[in-house]
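# Examination of the molecular architecture
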Amino acid sequence: MKKSVKAAIAALLLLAATAVIAGCAAKDTETSSEKDDNNESSKAAVSEPEPLPQREYKDPSEYGKVIALTFDDGPSTTTSLVLDKLEEHGAVATFFLIGDNITDDKTDTVRRAVTLGCEIENHSKTHSDMTKLSEEEIKAEIDFTSEKITEITGREPRFFRPPYISTNDKMYTAIEPTFICGYGCNDYDSKVEVETRVEKTLAQAKDGAIILLHDSEGNIKTVQALDRLLTELEAQGYEFVTVGELFHAKGVEPQDYTMYSEVSAQQ
Ligand SMILES: [Zn+2]
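Here is what the cut-offs are and how they apply
- Within any chain, residue numbers begin from 1 and follow the written order of that chain's sequence.
- Local features in this predicted model are restricted to residues whose pLDDT is 70 or higher, and side-chain atom pairs enter the listing and the counts only when it is 80 or higher, whereas totals over whole chains, interfaces and linings include all residues.
- Strands are runs of DSSP state E lasting at least 2 residues, helices are runs of H or I lasting at least 4, and numbering of each runs from the N terminus.
- Here exposure depends only on C-beta density: within 10 Å of a residue's C-beta, 20 or more other C-beta atoms make it buried, 12 or fewer make it exposed, and intermediate numbers make it partly exposed, the C-beta atoms being placed from the backbone.
- Contact criterion: two residues are in contact if their C-beta atoms, reconstructed from the backbone, are within 7 Å.
- This arc corresponds to the set of directions leading from the helix axis out to the C-beta atoms.
- The term nonpolar core refers to a set of buried Ala, Val, Leu, Ile, Met, Phe, Trp, Tyr and Cys residues connected through C-beta atoms within 7 Å.
- Two strands qualify as a pair provided DSSP detects at least 2 bridges between them.
- For the handedness criterion, the strands are oriented away from the viewer, and a crossover whose path from the first strand over the helix to the second runs clockwise is classed as right-handed.

### Some details on the environment of Phe-240
Residue position: Phe-240 is located in strand E8 (residues 239–240). When the 22 C-beta atoms within 10 Å are taken as the criterion, Phe-240 is described as buried. Along the backbone, Phe-240 and Val-66 are 174 residues apart, and their C-alpha atoms lie at a distance of 5.9 Å. What Phe-240 contacts, discounting residues up to four positions off in sequence, is Ile-67, Leu-69, Ala-91, Val-92 and Ala-93.

What follows is the structure, given as C-alpha cells:
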C-alpha cells in the first residue's frame with residue numbers, strides 16, 4: 001500500500017517536472033520566434049521592467065512644515081532638467097502626466113523620477129477640456145493614462161489634475177482619483193519671467209500647500225526658477241513631500257467631490 005502511494009507520488013512529480021520542462025520549451029520557442037523581429041523583442045523588454053521601490057512615508061508625527069511641488073504636462077525633455085534640480089536639492093515632487101506624452105523614449109525619465117522618491121499621477125490622456133466629453137470618454141482618458149503609469153512605475157495613480165482646472169459633476173462622478181488643483185504662477189505662459197515665477201510661488205507658500213508648476217517641453221524658465229525656489233523654501237524650513245505624502249502627513253483622508261489646493265490637519 002505504502003509502496004503504491006510512493007509510486008503514485010513519484011509519477012505525479014515526474015508529470016509535474018515534465019509540465020515545467022514543456023512550459024520552458026514553449027516559452028523558449030516564443031522567445032526565439034520574437035528574435036526574428038528585433039524591434040518587437042526590445043518593445044517586450046520595455047513593457048516588463050523591474051518593479052520600482054515606491055516612496056516610503058514617515059510617521060505623521062515626524063513631519064514639520066510641508067509643501068508639495070507638482071509639475072504638469074510632462075513627461076518631456078524638460079522633465080529631466082527638473083529632476084536634476086530636485087536631485088541637487090534632495091527634494092521630491094509629484095508629476096501629473098499627460099498620457100499621450102508617455103512615449104517609449106520617456107519611460108526612463110518617469111522611472112528616474114520614481115527612483116528619486118517622486119510620485120506619478122494622472123493629468124488625462126489628451127489634455128482636453130473634459131467638461132465637454134461624455135462619461136465614457138472621460139473614463140477612457142483616465143484609464144489610458146493610469147494604465148500606462150502603472151505599467152511603468154508599478155503604482156496606480158491616486159490623484160488627478162483636471163486639464164485647465166476645468167471640472168463638472170460628470171467628471172467627479174466618473175473619475176476615481178482625488179482631484180488636485182494647487183497654487184500656480186502662470187508658468188505655462190512663456191512671457192512670465194523667472195523672477196515672477198519665484199516671487200509668486202514664494203508668496204503663496206504655506207504649510208500644507210500644493211504648488212502648481214509645469215514641466216512641459218521647453219519650459220526652461222521654471223527650471224531656472226527652481227534653484228532659487230528650492231533654496232528659499234529650504235531656508236524657510238519647508239520639507240518637500242509628494243501629494244500622497246502630504247495627505248498622510250496631515251492625517252487627512254482624500255474625499256470625493258473635492259478639489260484640493262492645500263491639505264491641513266483641520267480638514
Ligand atoms: Zn496641463
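Having seen the model, we can carry on.
### Considering helix H4 (residues 107–115)
Burial in H4 covers these residues: Thr-109, Val-110, Ala-113 and Val-114. What you see down the axis of H4 is that its buried residues fit within an arc of 140 degrees, all on one side. Residues of H4 that are buried make contact with helix H3 (77–89), strand E2 (94–97), strand E3 (119–122) and helix H5 (135–153). Phi turns positive, to about 95 degrees, at Gly-117, one or two residues after H4.

### Overview of the nonpolar core
Of all hydrophobic cores here, the largest spans 50 residues; its most connected members are Ala-93 and Ile-210. Excluding anything up to four places from it in sequence, Ile-210 contacts Ala-68, Thr-70, Ile-180, Gly-182, Tyr-183, Val-243, Leu-246, Tyr-260, Ser-261 and Glu-262.

### Focus on the pairing of E2
Of the two faces of E2, the one carrying Thr-94 and Phe-96 and the one carrying Phe-95 and Leu-97 are both buried. As judged from the four bridges shared by strand E1 (residues 66–74) and E2, these two strands associate in the parallel manner. Within E2, the position partnered with Thr-70 by the bridge is Thr-94. Remark: the E1/H3/E2 crossover connection has right-handed handedness. The handedness of the E2 to E3 crossover, carried by H4, is right-handed.

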